[in-house]
Amino acid sequence: MKLSNIFGFLAAAVPAMVTAPVRLNGGSNYFAILTGTGPIAKFYFAGGQLVALDPQSSGQPYRALVNTQQTGTGTCASYGQFGTVYGSSSNKCASYNTFGLQSNSENSQLGARLTFNWVGEFYVCGTDKEVYYKVNSADGPSGCTPISLYTVPVVE
């Protein structure tokens, strides 16, 4: 058994305390999802960017992103789906470089929580339980449940 700097994310929804692992690709296009049988995502930081291992072992990592879309006024929306992509997206509003981990201030052994731009929250939305990031809860799709994405170690 070998511990490494690779970690997964476990989504936790309060108050129900429902937990589920984040799966790599499986939602619409290349977005993270909490249901299905797709591979559980394994992440690490490289050069300050959050990346995921390719389950096909191609050697090229997936880059994590929040896929915000351009609005009708030409600005980027304040919400988007969390996912991964080879290389980069053609979407000029997609964001890659602002992911971080925030330690639990009450007990650092509980794992760190994924943050994006240090504001907003992650949500699970729809029947496929796709993972979204929103600055404000009213942004984007409705009927979403706030979640926290906590790191869990990967044992190889």
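Treat the numbers as computed from the prediction; the structure is a model and nothing was measured.

Draft legend 1. Seen up close, the overall build of the chain. Scanning the chain from terminus to terminus reveals 0 helices and 11 strands. Moving toward the C terminus, one meets the helices and strands of the chain in the order β-β-β-β-β-β-β-β-β-β-β. Among the 156 residues that make up the chain, the fraction classed as buried is 41%. If you take every contact in the chain between residues at least 6 apart in sequence, the share linking residues at least 24 apart comes to 51%. Carbon together with sulfur atoms contributes 51% to the accessible area of the chain, which is approximately 8400 Å² in total.

Draft legend 2. Representation of empty space enclosed by the protein in the model. For the structure shown, the criterion picks out 1 cavity of 30 Å³ or more. Put simply, the largest cavity is a space of about 40 Å³. As for the largest cavity, its lining consists of 11 residues, of which Arg23, Leu24, Ala32, Phe43 and Thr84 are closest to the centre. The biggest single contributor to the lining of the largest cavity is strand β6 (residues 76-86), with 3 residues.

Draft legend 3. Representation of the state of the cysteines within the structure. Taken as a whole and assessed by the stated rule, the structure comprises 2 disulfides. Across a sulfur-sulfur distance of 2.1 Å, Cys76 and Cys93 are joined as a disulfide pair. Taking the sign of the torsion about the S-S bond as the criterion, the disulfide between Cys76 and Cys93, at about -80°, is left-handed. Taken together, the residues span a long stretch of sequence, with Cys76 in strand β6 and Cys93 in the loop between β6 and β7 (99-102) at a distance of 17 residues. Taking the relative accessible area as the measure of exposure, Cys76 reaches 44% and is therefore partly exposed. A relative accessible area of 4% places Cys93 in the buried class.

Draft legend 4. Molecular detail of the packing of aromatic side chains. Enumeration according to the criterion identifies 10 aromatic pairs in this entry. Centroid distance Phe99 to Phe116: 5.0 Å. Interplanar angle 55°. Geometry classified as tilted. On the criterion of sequence distance, the pair formed by Phe99 in strand β7 and Phe116 in strand β8 (residues 113-116) is long-range, its members being 17 residues apart. Given the relative accessible area of 8%, Phe99 is considered buried. Phe116 gets classed as buried once you look at its relative accessible area, which sits at 3%.

Draft legend 5. Up close: the environment of Pro55. Turning to its location among the elements, Pro55 is positioned in the loop between β4 (49-52) and β5 (62-70). We classify Pro55 as partly exposed; its relative accessible area is 37%. Along the chain, Pro55 and Lys42 lie 13 residues apart, while their C-alpha atoms are 8.6 Å from each other. When neighbours within four sequence positions are excluded, Pro55 is seen to be in contact with Leu24, Pro39 and Tyr62.

Draft legend 6. How the structure looks around the nonpolar core. Counting residues in hydrophobic clusters, the biggest one holds 26 residues, and the most contacted among them are Phe43, Leu50, Phe82, Phe99, Phe122, Ile147 and Leu149. The residues touching Phe43, leaving out its near neighbours within four places in the chain, are Asn5, Ile6, Phe7, Phe9, Leu50, Val51, Ala52, Ala64, Phe82 and Thr84.

About the cut-offs
Residues numbered from 1 in each chain as written. Predicted model: local features only at pLDDT ≥ 70, side-chain atom pairs only at ≥ 80, totals over all residues. Heavy atoms only, no water. Helix = DSSP H or I, 4+ residues; strand = E, 2+ residues; numbered from the N terminus. Buried < 20%, exposed > 50% of the residue type's maximum accessible area, 1.4 Å probe, protein only. Contact = heavy atoms within 4.5 Å. Areas by Shrake-Rupley, 256 points an atom, 1.4 Å probe, with all protein chains shown as cover. 1 Å grid on protein atoms, 1.4 Å probe; cavity = no way out; pocket = protein on both sides within 12 Å on 5 of 7 lines; lining within 4 Å. Points joined across faces, edges and corners; volume = space filled by probe spheres on them. Disulfide = S-S within 2.5 Å. Phe/Tyr/Trp six-rings, centres within 6.5 Å; stacked < 30°, edge-to-face > 60°. Core = buried A, V, L, I, M, F, W, Y, C linked by side-chain atoms within 4.5 Å.

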